[in-house]
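# Observations on chain architecture
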Amino acid sequence: MTKKVKRVIISSVCLVVAVGLFFGGKAFIDTTRYRKIISGIEIRTPNFIQIQDGTFNGFFNAIFVSADVDVTIENHTITEIVINEHYFGRNSAVDAEAVIVDVVDSQSLEVDTVSGATNSSLVILKAIQLALESGIN
């Protein structure tokens, strides 16, 4: 094996290791940020009396999970919630979208999260909260 071939092999290995460390570090940092965002989510139901009639948009991004929703209010009551976009990493998180039925039925954001899709449920609920808060006079 010539010196040139050895240099190419060593350079290639170093490049692969450097790229692996970069992406591994980024994944670690993103995961840490994601966990911090999720653990910091507080869900509060706004006072519906303060919310004007209309359709309001809410968006919440937690790095690996995000939700964009439209919430329609009529006579201080949630009449409809539409999920415009729900980004999630696993297929099971689509089950979290069922949480909107509980919100409309109970007229509250203090509902149970969907088992197996807890983080996704929290992100959807936070997006709904932000939509409702944007409709406050």
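Below: a short report on this structure. Just so it is clear, the model here is predicted, and its values are computed rather than measured. (Residues numbered from 1 in each chain as written. Predicted model: local features only at pLDDT ≥ 70, side-chain atom pairs only at ≥ 80, totals over all residues. Heavy atoms only, no water.)

Here we take up the overall build of the protein chain. In terms of helices and strands, the protein chain carries 3 helices and 3 strands. Along the protein chain, helices and strands appear, N-terminal first, in the series α-β-β-β-α-α. In terms of overall dimensions, the protein chain is more spread out than a globule: its C-alpha atoms have a radius of gyration of 22 Å, far above the 14 Å expected for 137 residues. Counting every position in the protein chain, which comprises 137 residues, the buried fraction comes to 34%. Surface summary for the protein chain: the accessible area is close to 8,400 Å², and the carbon and sulfur share equals 58%. The protein chain carries 11 positive and 15 negative side-chain charges, and their two centres are separated by 32 Å. (Helix = DSSP H or I, 4+ residues; strand = E, 2+ residues; numbered from the N terminus. Rg over C-alpha atoms; globule rule 2.2 N^0.38 Å. Buried < 20%, exposed > 50% of the residue type's maximum accessible area, 1.4 Å probe, protein only. Areas by Shrake-Rupley, 256 points an atom, 1.4 Å probe, with all protein chains shown as cover. Lys, Arg positive; Asp, Glu negative; His and termini not counted. Charge placed at Lys NZ, Arg CZ, Asp CG, Glu CD.)

Residues lying three or four places apart along an α-helix face the same way, a consequence of the helix completing one turn every 3.6 residues. With 17 residues, helix H3 (residues 118-134) should cover 24 Å at 1.5 Å per step; its first-to-last C-alpha distance of 24 Å lies within 8% of that length. In terms of residue burial, H3 counts as a mostly covered element, since 12 of its 17 residues are buried. (Expected span 1.5 Å × (residues − 1).)

Quick look at the pairing of strand S3 (residues 77-87) now. In the sheet, strand S2 (residues 66-74) pairs with S3 via 9 bridges, with the strands oriented antiparallel. What sits directly across from Thr72, in S3, is Glu80. Taking the residues between adjacent antiparallel strands as the criterion, S2 and S3 are bridged by 2 residues, where Asn75 takes a positive phi near 55°. (Pairing = 2+ DSSP bridges.)

Tracing the backbone shows Ala96 in the loop between S3 and helix H2 (99-106). Owing to a relative accessible area of 0%, Ala96 belongs among the buried residues under this scheme. Along the backbone, Ala96 and Glu110 are 14 residues apart, and their C-alpha atoms lie at a distance of 15 Å. Dropping the residues within four chain positions of it, Ala96 is found in contact with His86, Val114, Ala117, Ser120, Ser121 and Ile124. (Contact = heavy atoms within 4.5 Å.)

Attention shifts here to a positive patch on the surface. Together, Lys3, Lys4, Lys6 and Arg7 make up a positively charged patch on the protein surface. Within the secondary structure, Arg7 is located in helix H1 (residues 3-39). Judged by relative accessible area, Arg7 falls into the exposed class, the value being 57%. (Patch = residues over 30% accessible without salt bridge, like charges linked within 9 Å, V, L, I, M, F, W, Y side chains within 5 Å. Salt bridge = Lys/Arg side-chain N within 4 Å of Asp/Glu carboxyl O.)

In this section: unusual backbone geometry. Here Ile63, not a glycine, exhibits a phi torsion of approximately 75°, which is positive. One non-glycine residue, Asn75, lies in the positive phi region at around 55°. With respect to the secondary-structure elements, Asn75 resides in the loop between S2 and S3. The exposure class assigned to Asn75 is exposed, which follows from its relative accessible area of 62%.

How two helices sit against one another is set out by the angle between their axes and by the gap between those axes. The geometry of H2 relative to H3 is characterised by a closest axis approach of 10 Å and an angle of 45° between their N-to-C directions. As summarised for this structure, H2 and H3 are arranged oblique, according to the angle between their axes. Taken as a pair, H2 and H3 cross one another with a handedness that is right-handed. Note on element contacts: H3 touches H2 through Ser121, Ile124, Leu125 and Ile128, opposite Val99, Ile100 and Val103. Looking at side-chain class alone, the contact of H2 with H3 contains 6 nonpolar, 1 polar and no charged residues. (Axes fitted to C-alpha atoms, helices over the stretch in contact; angles between N-to-C directions. Parallel < 35°, antiparallel > 145°, perpendicular 65-115°, else oblique. Left-handed = near helix turned anticlockwise from the far one by under 90°. Nonpolar A, V, L, I, M, F, W, Y, C, P; charged D, E, K, R; others polar.)

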